[in-house]
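These are the residues of each chain, in order.
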Amino acid sequence: MTTAYTYKPWLVEKWKDDWVPEEVAIDCYATFACRHKFCREVCPVYQETGNESHISYGFHVALLSVSRGYEKLHNLGNTFTYCLQCGACQLRCPNTLFTGDFYRITNEHNVLVTKTRNELLRLGFKFKGSDDMLKAINQIVKDTEEARLSLTEWAKDLDLPRYGETILFTDYFMATQMTNILRLIAKILKVAGIKFGIIENPKPTLPYELDYLGEKGIQYIKENIEALKKAGAKTVIVPDPHVYVSLTKEYPRLTGSEVPFDVVFVTDYIWNLIKEGKLVPKKPVNKKVTYHDPCMLNKVSGIWESPRNILKSIPGIEFIDEDHVTQWYYCCGNGASEARTFKILHEDLSYRIGLKRLNRALDTGAKTLAVACPHCNEQFNEVKLKSKTEIEILDIFEILAESLEIR
Amino acid sequence: MEEYIGEHVLMRYGIYEVNPAKMKKWVKQQVMSEEFRRYIIRQRREYLRWMHELFAQKILKPPIKK
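The residue numbering used here restarts from 1 in each chain and proceeds along that chain's sequence as written. Lettering of chains starts at A and numbering of ligands starts at 1, both following the order in which they are written. Where local features are concerned, this predicted model is filtered to residues with pLDDT of at least 70; where side-chain atom pairs are given and counted, the filter is 80 or more; whole-chain, interface and lining totals use all residues.

Asker: How should I be thinking about the overall build of chain B in this particular structure?
Answerer: Strands are runs of DSSP state E lasting at least two residues, helices are runs of H or I lasting at least four, and both sets are numbered from the N terminus onward. Within chain B one finds one helix and four strands. The N-to-C order of helical and strand elements in chain B reads β-β-β-β-α. In terms of C-alpha radius of gyration, chain B reaches 17 Å, well past the compact-globule figure of 11 Å for 66 residues. C-alpha extents for chain B along the principal axes are approximately 50 × 30 × 25 Å. Within the span of chain B, comprising 66 residues, buried residues form 6% of the whole. Atoms counted for the radius of gyration: C-alpha only. Globule rule: 2.2 Å times residue count to the power 0.38. Exposure classification rests on a simple neighbour count of other C-beta atoms within 10 Å of a residue's own: a residue reaching 20 or more is buried, one at 12 or fewer is exposed, and one in between is partly exposed. C-beta atoms are placed from the backbone.

Here it is, written out as structure tokens:
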């Protein structure tokens, strides 16, 4: 079981314009009292804006000022839009993460940002881009409800059953917009002799955004879990890091219980197959490659070894590694949102963060940037097109499939 | 898993910890899975490893008394 989550009951409480629960205020005070601001150096947004109110420290101080009566929540709304929810700050900070000593508490920054945005919306206060953000999320809900998205079309000629102990699970995003990658993953699993199925109508998983949907969000969780149980799933292979975070962290946070099956990220699963000799990459792929760690994998889930191992196992590749801790400082600019929330709120900032990452990849001397996340893939391709940067963006499984001679 | 190695110090999963019960009076402690704890500890060690690789060019030996 890969589940790792924390749960703070006081985050469920309803806030007011001039009041937040005292327990939240204590967390905020602890951060305010720190002043080392390690969260500042690692924040991809701060590196671009240079504004301290855009870092985790700034958010906590803003909420502390509300709790102490110096400011009203609605005046601080825009501040909370400047967060990619990449998870770097809570990973870097040795103080807000009090675990390991006798406090036994930890601040989950991403959850706090979602909670604050959600409370602002609940209280009827708009912030910059909030209408567009909700519109994007509601569009996904509408498309799903009206079954306008054909979520199994990508697998129509692959002869995959709708049941099995092993299920390849993804939501609308990959099933409609990254079908080529999804098909390659399915074909690679088939070549390794894995018997697996898919489910008919997966609901959106939307990490850190299901809160905005209220009861409907919880309903989606229940429907997804029920569908997977009904299909007989014991192991769920997830090819999208955002969906992985949903299943392993968000579902337990929102429902209070762990999911009743093992959730494995696809790179971990396929690296095991390579280790066991069920997959042997033979054809050399002559490329100079560096790898981008997706925030949801590296920072939020702590998965960074298996994608590197897969790349290293492919013959012909000159792999230029950038340490995964160095990559805490990077983000593609899309952030945690599946509904492109940050891109909608701050289009230019998102572009600049993405461009910076591409330039850092070029600095290593690599010609190809390998990714393991469909959202990073989409964002980098957009930035590449807009900036005319000469770098090849490839998914890890496109490279692996070439070596395995799968098309 | 928990072993007291002093009056107020215990060891869990190889990590020293001041007895958390002492802080309960002041800070509301939260439900936290052991896996999450281990994830944080692992990342902290990774960060220290990274810092060491970046900034420590050599390790000084302690002075030897003649």
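On we go.
Asker: Explanation requested: the sheet that holds strand β2 (residues 9-12) of chain B in the structure shown.
Answerer: Remark on secondary structure: sheet strands pair via backbone hydrogen bonds, oriented parallel or antiparallel. Residues and elements named next belong to chain B. Strand pairing requires that DSSP identify at least two bridges connecting the strands. With antiparallel pairing, the three strands of this open sheet are ordered in space as β1-β2-β3. Two strands bound the open sheet, and with one partner strand each, they are β1 (2-4) and β3 (15-18). For this sheet, the mean inter-axis angle between neighbouring strands, taken without regard to orientation, is 35°. Two elements, β1 and β2, share three bridges in a ladder whose sense is antiparallel. In the sheet register, Y4 faces β2, and the bridge partner there is L10. Orientation is described by lines fitted to C-alpha atoms, with helices fitted over the stretch in contact, and by angles between N-to-C directions that extend from 0 to 180 degrees.

Asker: Looking at this structure, I do not really get the domain arrangement of chain A. What am I missing?
Answerer: The extent of an interface is frequently quoted as the accessible surface area lost upon association of the parts. Residue and element names in this part refer to chain A. On domain assignment, one finds that chain A holds domain 1 (9-128), domain 2 (133-273) and domain 3 (281-403). Listed per partner, the contact involves 26 residues of domain 2 and 29 residues of domain 3. For the side of domain 2 that touches domain 3, the elements supplying multiple residues, two or more each, are α7 (130-145), α8 (172-177), α9 (179-191), α11 (241-255) and α12 (266-275). It is α11 that contributes the most residues to the side of domain 2 that touches domain 3, five residues altogether. Amino acid classes used here: Ala, Val, Leu, Ile, Met, Phe, Trp, Tyr, Cys and Pro are nonpolar; Asp, Glu, Lys and Arg are charged; the rest, including Gly, are polar. Across the side of domain 2 that touches domain 3, the residue classes break down as 20 nonpolar, three polar and three charged. Throughout the structure description, domain borders are defined by an automatic or database domain assignment. In this description, any two residues whose backbone-derived C-beta atoms lie within 7 Å of each other are considered to be in contact.

Asker: I'm lost on the environment of W19 of chain A in this one. Help?
Answerer: Residues and elements named next belong to chain A. Relative to the assigned elements, W19 resides in the loop between β1 (6-7) and α1 (22-34). Looking at W19, the number of C-beta atoms within 10 Å reads 14, which means it is partly exposed. Residues W19 and L64, 45 residues apart in the sequence, show an inter-C-alpha distance of 9.7 Å.

Asker: Would you explain the pairing of β2 of chain B in this entry?
Answerer: Moving residue by residue along a regular strand, the side chains alternate between the two faces of the sheet. All names here are of chain B. Counting the residues that bridge the hairpin from β1 to β2 gives four residues. Note that β2 and β3 share four bridges and pair antiparallel. The residue of β3 that forms the bridge with V9 is V18. What sits between β2 and β3 in their antiparallel hairpin is a turn of two residues, with Y13 showing a positive phi close to 50°.

Asker: What's the story with helix α16 (residues 347-363) of chain A in this structure? I'm lost.
Answerer: Turn by turn, an α-helix covers 3.6 residues, leaving residues three or four places apart pointing in a common direction. Residue and element names in this part refer to chain A. By definition here, a helix of n residues has an expected span of 1.5 Å times n minus one. Taking 1.5 Å per residue as the helical rise, α16 with its 17 residues ought to reach 24 Å, and the 25 Å between its terminal C-alpha atoms agrees with that figure. Where α16 is buried, its residues contact α3 (44-49), β5 (288-291), α15 (341-345), β7 (368-371) and α17 (374-387). One or two positions beyond α16, positive phi appears at G365, with a value near 95°.

Asker: In this structure, what is going on with the sheet that holds strand β4 (residues 262-265) of chain A? I would like to understand it.
Answerer: Residues and elements named next belong to chain A. Spatially, β2-β3-β4 is the arrangement adopted by the three strands of the open sheet, whose pairing is parallel. The open sheet has two free edges, formed respectively by β2 (166-168) and β4, since each of these has just one partner strand. Each neighbouring strand pair of the sheet contributes to a mean axis angle of 25°, computed without reference to strand direction. The pairing of strand β3 (residues 235-238) with β4 spans four bridges and is parallel. Bridging across to β4, T235 finds its partner in D262. Packed on one face of the sheet, α12 meets β3 and β4 and runs near 80° to β4.

Asker: Sorry, what's going on with unusual backbone geometry here?
Answerer: Outside of glycine, negative phi angles account for most residues, and trans bonds account for most peptide bonds. All names here are of chain A. Within the chain, R35 stands out as a residue other than glycine whose phi angle is a positive 65°. If you trace the backbone, R35 turns up in the loop between α1 and α2 (38-42). Non-glycine residue K388 carries a positive phi angle of around 55°. Structurally, the position occupied by K388 is in the loop between α17 and β8 (392-395).

Asker: How do you make sense of the nonpolar core when you look at a structure like this?
Answerer: The nonpolar side chains of a soluble globular protein tend to be buried, and buried together. Residue and element names in this part refer to chain A. In this usage, the nonpolar core is the set of buried Ala, Val, Leu, Ile, Met, Phe, Trp, Tyr and Cys residues whose C-beta atoms join them within 7 Å. Ranked by size, the top nonpolar core spans 124 residues in total, and within it I167, F169, I185, I188, V236, V238 and L400 carry the most contacts. At seven residues, α9 tops the list of elements feeding residues into this core. Not counting the four nearest positions on each side in its chain, F169 is found in contact with I199, P202, L228, V236, I237, V238 and V243.

Asker: Even after reading the chapter, I still don't get the packing of α12 of chain A against helix α14 (residues 305-313) of chain A, so can you show me in this structure?
Answerer: Residues and elements named next belong to chain A. The interhelical angle for the contact between α12 and α14, taken along N-to-C directions, is 40°, at an axis separation of 8 Å. In terms of orientation, α12 and α14 fall into the oblique class. Classified by chirality, the crossing of α14 by α12 is left-handed. Along the contact surface, α12 presents T267, D268, I270, W271 and I274, while α14 presents S306, P307, N309, I310 and S313. Angles below 35 degrees are treated as roughly parallel, those above 145 as roughly antiparallel, those between 65 and 115 as roughly perpendicular, and all remaining angles as oblique. Crossing chirality is assigned from the near helix's rotation relative to the far helix, an anticlockwise turn below a right angle marking it left-handed and a clockwise turn marking it right-handed.

Asker: Help me understand the environment of G124 of chain A, please; the structure alone is not making it clear to me.
Answerer: Residues and elements named next belong to chain A. Turning to its location among the elements, G124 is positioned in the loop between α6 (109-122) and α7. On the neighbour-count criterion, G124 (8 C-beta atoms within 10 Å) is exposed. Considered as a pair, G124 and I317 are 193 residues apart in the sequence and their alpha carbons are 54 Å apart.

Asker: I would appreciate a short explanation of the pairing of β3 of chain A in the present structure.
Answerer: Residue and element names in this part refer to chain A. Inspection of the sheet shows β2 paired to β3 by three bridges, in the parallel sense. In the sheet register, L168 faces β3, and the bridge partner there is I237. For the handedness criterion, the strands are oriented away from the viewer, and a crossover whose path from the first strand over the helix to the second runs clockwise is classed as right-handed. On the question of chirality, the crossover connecting β3 to the parallel β4 by way of α11 is right-handed.

Asker: Please explain the confidence of the model for chain B as it appears in this structure.
Answerer: Note that predicted coordinates carrying low pLDDT should not be read in detail. Residues and elements named next belong to chain B. One confidence number per residue, pLDDT, is output by the predictor and ranges from 0 to 100. Looking at chain B as a whole, its pLDDT mean stands at 81, while 98% of the residues score no less than 70. Mean pLDDT values over the elements of chain B span from 72, in strand β4 (residues 31-32), up to 85, in helix α1 (residues 34-55). Among the scores for the predicted complex, ipTM is 0.86 and pTM is 0.93.

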